[in-house]
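Below are the chains, spelled out letter by letter.
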Amino acid sequence: MKEASYKTSGLNSLSIKFSALVFLLTVAASTLIAFAMLALQQEVLIEQERISLVQTTSRYAKQLDSDFWQKEKKAISANQVVSRYLASQQVVTQVTPDALPDGSVRSKDDLSAAFQLQQKFQQQPHAYFSQTAELWQQLAPVLLEDFFNFYFISKDGFIRIAPADWALEIQADHNFQQDIFFKIATPEQNPARLPRWTPLYFDAIWQKWMTSLVIPVYINDEFVGVTGTDVVLDEVFSNLAQISQWEPGRQALLFDGDGNLLHDSDNSLQQSLKKPKMNQLAVGVKPANPQLAAFIQRVVKSPNELVANSKSMQDYVASAARIERLDWYVSLYHSKSHVIEGLDSYRDNVVLLFLLVALIVALALQFFIYKFVLKRLTRLAGAVQRLSHGEASQLELDERSDEIGLLNRAFVRMSDEIHQLISGLNTRIQEKEEAERATRKLSKAVAFSSSGIVITDHQLQIEYVNPFLLEMIGCTPVDVMAKPLHLLFAQEMRFVGADILQSLQERHHWRGDMLLQQGSKQFWASLAIAPIRDDKGDVSNYVCAMQDISFIKESQRKMEQLAYYDVLTGLANRSYFRDQLKKAIAMSSRGYYHFALLYFDLDEFKRINDTLGHDAGDELLKEVARRLISRLREEDTIARLGGDEFAVILSGIADRKQAAAIATNLQQAFALPVKLAGHDVSISASIGITIAPEDADEEELLLKHADLAMYEAKARGKNTYHFFSQDLNDAAKERLEIENQLREAIREQQFMLYYQPKIDIRTQLIVGYEALLRWLRPDNTMVPPLRFIPVAESTGLIVQIGEWIILEACRFLARQHSRGNLITVSINLSARQFTDQDLPLVVERILKRTGAAPEYLIFEITESMLMGDTDAAIVQLNELKRLGLALSIDDFGTGYSSLSYLKRFPVDELKIDRSFVKDIPEDKNDMDITAAIIAMAQKMDLRVVAEGVETQEQVNFLRDNACYLVQGYFYSMPLAEQELSRLNYDTIS
């Protein structure tokens, strides 16, 4: 008994030692394999990162090269336009412009500015100031879409540039011959006359690092200057920096073919060259990291071995690609330690896994050792066999205290548990069968449901579609299985798929209306999505229920048609338009797309409505609606806001060029006449355009900006379109400020009258004065009339101001007559004043109040004021004539008055506009026109007055043609009343 126990104990000890040895060997082998796999995985990660960097930099370099080529083609086209334009313009001697105190001549308009030393201009006069100003109005907006600026520099130091700042700030002693963006294109350095990109240099005026595309300009084979366009370094680098941020830890570099660092994420160029001078080149700057500096040198020395160079750094994964047109290189690099840091947790898991495998192997070996060493396992196997036959009562196993005994006891307990398990399993099988029957019922209920049912996985990939839905959408299971759920949606609704998935992740359900489409079949459905969870509570699937609601949507559509659409034209009304505008702004703020807002009304619609009647006006609005619908897309929102005002929301607009093309298309739609009441009526529209979210991201601001742009289009002659700009907003603010100040000026009596003498050149006597309004602010600054008169006209304040002018002028007239000076006083009437029905009563009241003699009072009226409603104008003129005063047509010859109407107007005097007088005697056409006006006035027994007389030659010409009444700076500028005393009332010589 003791011997058996001893043998068993020895056997157990030997088995334990052998098992421990096997376990240790297994652990060692597993550890070696694990570390080998980790090393291989590390190399794979680094190689994948290197390949990704190479592909990214290569694509970016090609794209950038293509972009620079497109810019170069546009710049070449602009250069050709400039060359042809300057060559086609007749060279005439230009009057020397006034020089500034620094000896320079500068000019500026709303797009560009020009500069040249007056001394150089006098040495070789030219017409570049006027020629380029007109040309830049057309070219600059196009070129500034792709370049930072656009300029022309002549060989004698003239520059025209847009934007204007550079020409306004350049020092007068600046030498263009030393500028890299000029001398690189001169015949000495560019005999082949090719476009040349400059090295990167610093512009001290713009305070930017940039490169210029410089192209020589030759006229008749003579070098006359260069055209240039600049690209700012920050704009080139911005896209590369964005690409590098796609993966955390990536960094970007930009360097030239000589190895000079141009830009990186640390702004090393700006840090190294903190105070660069004008034309300073970006040279001598290297990365602070020695490995990156060595990498740049290898790339520059071996540009054909970029792939090999990308593997050369110890601590970094890097790539480089060449930008051919600029001889620059772009580079992306990534720290290797950052690339492989994700392997830390992976390393721990792998080691733990292999340790677990080693433990399992060791236990398995020990089991087999026990089996082959211990014979009692045979009895246990027999017991197992009997148990398998269900002979549980015949199990007779020993229960000694060794391992086999323990195993035997465990086997007995296991057999009992197996019997219990079998009993429970039978119960569960029965329950499973019942569940399967219930599942089949549920499956049939889903399959034959009158609702469309879709079951998807947790990523909304379709796994099941019931027959009812297949019949609804008209397709087969093959068409939809294993495809994303959003493919059932109509094309315009597929963007909602991302929102649905996000809502499910946040709230685990979604409900809404969706437009479904397969092929040509399209209908609305009510869609509800709910999760299906597994035993752990995780979402494994989603069930989607759909009900056809096309009938409901059609009913809603008809109701909306009544609530949101204009009854006359069928277009959206103001309420619906505002809703759609809010939605467009919301989508734009999420970054889905940009859109454009077009705001316009019909030119001269009131005239058509008043002339042909309201029925014809309604027909015109219907025709306009039809033409708008035919020219625009279905996704665009077209609305009639009221009267002849229309608005359009253009969705998916990428830039201003696309919006301008659509606006041009709309104007072409209005070009064809409309048949109304038997008449062919020509129509046109003034269109204001604003882009969202570029111009504004708020509803009211967008509408305001579009309205400002539309009124600017009207101011520019109508039948055109105009984009909103900050200048318009500033102008509107300025107009509002001037309007408020005007109201204050009226209250505070800040206005005063100046008087310009009217001379009889036969006697050299003053026969009258023209009263001119001046606004003197409390700070003693004089506001030019051109700034406040249009605002007063548009706000109606001109009527109140005009009444004050008549009162003050009549007081002046009475004072002069009391002193024995029997002169006349001319007063300019505004359009708003002239159409005021109370004007005759106001004048009559003032005449009685001041005691002024009406026969010495002259009211000056422009031609355009008379030609609107001629019958009403004649009635108003007769009412004024009834008071005994005289009437004069001001600026005669610049309007469009008919001679047949002129005979009907009870006027006494014609004033020849200064535009016909100022070029006498140089312009023969002006002389002929002036002589004709004088002759016509004499034939019609009218006085004729010439204004703007500034030279003796003009006086002589007017005297020779029997025009004896003149006014102008040749005799006197407008003066305040207290200054008139220095004039000689008897004679002016």
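Rules used throughout
Residues numbered from 1 in each chain as written. Predicted model: local features only at pLDDT ≥ 70, side-chain atom pairs only at ≥ 80, totals over all residues. Heavy atoms only, no water. Helix = DSSP H or I, 4+ residues; strand = E, 2+ residues; numbered from the N terminus. Buried < 20%, exposed > 50% of the residue type's maximum accessible area, 1.4 Å probe, protein only. Salt bridge = Lys/Arg side-chain N within 4 Å of Asp/Glu carboxyl O. Pairing = 2+ DSSP bridges. Axes fitted to C-alpha atoms, helices over the stretch in contact; angles between N-to-C directions. Contact = heavy atoms within 4.5 Å. Phe/Tyr/Trp six-rings, centres within 6.5 Å; stacked < 30°, edge-to-face > 60°. Patch = residues over 30% accessible without salt bridge, like charges linked within 9 Å, V, L, I, M, F, W, Y side chains within 5 Å. Areas by Shrake-Rupley, 256 points an atom, 1.4 Å probe, with all protein chains shown as cover. Lys, Arg positive; Asp, Glu negative; His and termini not counted. Charge placed at Lys NZ, Arg CZ, Asp CG, Glu CD.

Draft legend 1. Representation of the environment of Ala498. Position of Ala498 among the secondary structure elements: in helix 16 (residues 496-507). On the basis of relative accessibility, which here comes to 53%, the residue Ala498 falls in the exposed class. When the C-alpha positions of Ala498 and His486 are compared, they lie 8.9 Å apart, and in sequence the two are 12 residues distant.

Draft legend 2. Representation of the pattern of salt bridges in the model. Applying the stated rule across the entire model yields 35 salt bridges. Where Lys758 meets Glu909, a salt bridge forms, and the shortest distance between an N and an O atom there is 3.9 Å. With Lys758 in strand 25 (residues 751-760) and Glu909 in strand 31 (residues 909-912), the pair connects residues that are 151 residues apart, well separated along the chain. Taking the relative accessible area as the measure of exposure, Lys758 reaches 2% and is therefore buried. Judged by its relative accessible area of 1%, Glu909 falls in the buried class. Salt bridges sharing common partners tie together Glu770, Glu860, Lys911, Arg914 and Glu947.

Draft legend 3. Looking closely at the sheet that holds strand 19 (residues 637-642). Here five strands make up an open sheet; going across it, the order is 19-20-18-23-24 and the pairing mixed. Each end of this open sheet is capped by a strand with a single partner; those strands are strand 19 and strand 24 (721-723). Going from strand to strand, the sheet's axes swing by 20° on average, the running direction of each strand aside. Summarising the sheet, strand 19 and strand 20 (residues 645-651) pair through five bridges and their orientation is antiparallel. In the strand pairing of strand 20, Gly642 is matched with Glu645. Along the sheet face, helix 21 (residues 656-671) touches strand 18 (595-602), strand 20, strand 23 (685-692) and strand 24 and points at about 160° away from the line of strand 23. Along the sheet, helix 22 (residues 699-715) contacts strand 18, strand 23 and strand 24; its crossing angle with strand 23, the most-contacted strand, is approximately 145°.

Draft legend 4. Representation of the packing of aromatic side chains within the structure. Counting across every chain of the model gives 30 aromatic pairs. Geometrically, the ring pair formed by Phe68 and Trp197 is edge-to-face, given 5.1 Å between the ring centres and 85° between the ring planes. Within this pair, whereas Phe68 is found in helix 1 (residues 2-88), its partner Trp197 is found in strand 5 (residues 196-197), the two being separated by 129 residues in sequence. The exposure class assigned to Phe68 is buried, which follows from its relative accessible area of 1%. With a centroid separation of 5.8 Å and an interplanar angle of 20°, the aromatic rings of Phe600 and Phe646 are classed as stacked.

Draft legend 5. Local environment of the pairing of strand 17 (residues 539-548). In the sheet, strand 13 (residues 452-457) pairs with strand 17 via six bridges, with the strands oriented antiparallel. Its bridge partner lying in strand 17, Val454 is registered against Cys544. Counting the residues between successive antiparallel strands, the hairpin from strand 16 (residues 521-533) to strand 17 contains five residues, one of them, Gly537, with a positive phi of roughly 90°.

Draft legend 6. Representation of a positive patch on the surface. On the surface, a cluster of positive charge is contributed by Arg437, Arg440, Lys441 and Lys444. Examined against the element boundaries, Arg437 turns out to sit in helix 13 (residues 403-447).

Draft legend 7. Representation of the side chain of Thr198. As for its position among the elements, Thr198 is in the loop between strand 5 and strand 6 (201-203). Thr198 sits in the buried class, given a relative accessible area of 4%. Once residues within four sequence positions are removed from consideration, Thr198 is found in contact with Ile180, Phe181, Ile184, Thr211, Ser212 and Val214.

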